[in-house]
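# Descriptive structure summary
So you can see what is in the structure, the chains are spelled out below.
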Amino acid sequence: MTTPATLPAPDTIAQQHSEQLLSLIHDEIDRAGGKITFAQYMHLCLYAPGLGYYSAGSQKLGQHGDFTTAPEISPLFSRTFAHHIKDVLQQLDTPNILEFGAGSGKMAATILSELADNNCLPEKYYIIEVSADLQDRQHRTVQELCPQLADKVVWLSQFPTDFVGVVLANEVCDAMPVHIVHFKQGDIFERYIERGNGALQWCDAELSHANLASHSAEIQNLIESDYLTEINLAAEAWLHTIADNLQQGAVFICDYGYPKADYYHPQRSEGTLMCYFQHQAHADPLILQGLQDITAHVDFTLLAQTASDNSLDVAGFQSQADFLLAGGIVELNLAENLDDFAMLQQASEIKQLTLPSTMGEKFKVLTLSKNLDQLLARCQLADRRYTL
Ligand SMILES: C[S@@+](CC[C@H](N)C(=O)[O-])C[C@H]1O[C@@H](n2cnc3c(N)ncnc32)[C@H](O)[C@@H]1O
């Protein structure tokens, strides 16, 4: 394996791990007759049992991993989120929470503790997590951070029917395998992965899925010339399942992304795919298989459209900064009796979460609801649904 000079070189054990996954990918390509879609490739890289980036035992999140997420930056993120959640739980008779892709488990433990302090605990806090390694980590975090609430947390393998409660997904949609389409001289192709001379390589061929054709036709109206972009059919199907099974409650989807007018901007003519290895970002998913995270930005218009086509109300669309300000992040900080050092530390965390140059503007929160009597007032602050 060769790693570009700008990236740190993986150690021998990591290299062997990656070679094992690469060999599995080669087998899949051969079995499929010479090429697989990028979505199949991304799925193997991230979720192949025991070998994929999320399935295997690497650190992944946090300072010693490859990337940091908002719940890892500061507990204030999850504590503030809890106030939005409380506004929904208070309207429900048998309130529950279900978090998708709970990462290290810090968000779950912090939300539960904050809701306990606010006398608003849910019946259960469910987690659906595709990575067995992260499930283990979540168990340990919950035991460590809130042992008295651990019996509230239950891991599920699929979304329950007739669910009443709040659904959370922080940086989950960006980790779902995407298809890549290539608009080239008036034609539309899908990008596949094939075996080249000693390395994997891209190739263009026909679209693999009927839904890609309808989405591509819409995208074609928004772009001008040759263009590469991702289409997240997995997120669409995922939201469809939630909409079908949510009886009453709300869904909060927080991720980096744009409404469609910004997503398919000429500036993004090479797409939004990014890889993260030891806190270095780059754009080549065909290296470091199983050792790096691969992500794509979220098309929030696609999610909002899927939601409203499936009987969910689009209740708000805010920047992460506005969502956290509406949830009272500043008041939480001021209410604590902190010494000067801790105060400065928290102020720096709030900046990271809310400044436009860091996460505040890049990340958005899409709020969806179903059968709620009262408006979610906090979601009205600087609401940008008009951009969707
Ligand atoms: C980028 S991490 C974010 C983790 C955590 N939410 C956070 O903010 O720290 C993506 C997480 O989503 C999980 N994941 C991806 N697709 C999923 C799906 N369809 N269902 C449940 N979890 C999923 C991954 O295993 C991982 O835990």
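Heads up: the structure comes first, above all this text.
Bear in mind that the values here come from a model prediction, so they are computed numbers and not experimental data.

### Side note on the nonpolar core
In this structure, Phe81, Ile85, Ile111, Leu168 and Phe252 are the most contacted members of the largest nonpolar core, which totals 76 residues. The contacts of Ile111, once residues within four sequence positions are left out, are Ser78, Phe81, Ala82, Ile85, Ile97, Tyr125 and Leu168. Core analysis: the second largest hydrophobic core is formed by 29 residues, Ile128, Phe159, Ile253 and Ala304 among them.

### A look at the side chain of His84
The topology assignment puts His84 in helix α4 (residues 75-89). By relative accessible area, which is 2% here, His84 ends up buried. Apart from the residues lying within four places of it in its own chain, the contact partners of His84 are Phe252, Phe323, Ala326, Gly327, Arg378 and Cys379.

### Thoughts on the pattern of salt bridges
With the rule as written, the count across this model stands at ten salt bridges. Close ionic contact of Arg31 with Glu28 constitutes a salt bridge, the shortest N to O distance being 2.9 Å. A residue pair is termed a helical-turn pair when its members lie 3 or 4 positions apart in one helix, as Arg31 and Glu28 do in helix α1 (residues 12-31) at three residues. We classify Glu28 as partly exposed; its relative accessible area is 28%. Across the salt bridge formed by Arg191 and Asp204, the nearest N and O atoms sit 2.9 Å from each other. Pair noted here: Arg191 is in strand β7 (residues 187-195) and Asp204 is in strand β8 (residues 200-205), with a separation of 13 residues, a long-range link. Owing to a relative accessible area of 24%, Asp204 belongs among the partly exposed residues under this scheme.

### Considerations on the site of the ligand
Surveying the vicinity of the ligand reveals 19 residues, the closest of which are Tyr47, Thr69, Gly101, Glu129 and Asn170. Measuring from a nitrogen atom of the ligand, one finds a backbone N or O atom of Gly101 at 2.7 Å. The contact in question runs from a nitrogen atom of the ligand to an N or O atom on the backbone of Asn170, over 2.7 Å. Protein chains bury 94% of the 600 Å² of accessible surface belonging to the ligand in isolation. When grouped by side-chain class, the residues that make up the shell around the ligand number twelve nonpolar, five polar and two charged.

Calculation notes
- Throughout this document, residue positions are counted from 1 along each chain, in the order its sequence is written.
- Selection of residues for local features in this predicted model requires a pLDDT of at least 70, selection of side-chain atom pairs for listing and counting requires 80 or more, and totals for whole chains, interfaces and linings are taken over all residues.
- To obtain the side-chain values, all non-hydrogen atoms of the structure were used and water was disregarded.
- Buried residues of nine kinds, namely Ala, Val, Leu, Ile, Met, Phe, Trp, Tyr and Cys, make up a nonpolar core once their side-chain atoms join them within 4.5 Å.
- Residue exposure (1.4 Å probe, protein chains only): buried if accessible area is under 20% of the type maximum, exposed if over 50%, otherwise partly exposed.
- Contact definition: two residues touch when any of their heavy atoms are within 4.5 Å.
- Here a helix means four or more residues in a row that DSSP labels H or I, a strand means two or more in a row labelled E, and each is numbered from the N terminus.
- Any Lys or Arg side-chain nitrogen located within 4 Å of an Asp or Glu carboxyl oxygen qualifies as a salt bridge.
- Proximity is defined per residue: any heavy atom of the residue falling within 4 Å of a molecule or strand makes that residue near it.
- Here a polar contact means two N or O atoms within 3.5 Å. Within protein one must be a hydrogen donor candidate and the other an acceptor candidate, and residues neighboring in sequence count only if both atoms are side-chain atoms.
- For accessible areas, the Shrake-Rupley method is used with a probe of radius 1.4 Å. Any residue's cover is judged against the shown protein chains and nothing else.
- In this classification, the charged set is Asp, Glu, Lys and Arg, the nonpolar set is Ala, Val, Leu, Ile, Met, Phe, Trp, Tyr, Cys and Pro, and all remaining amino acids, among them Gly, are polar.

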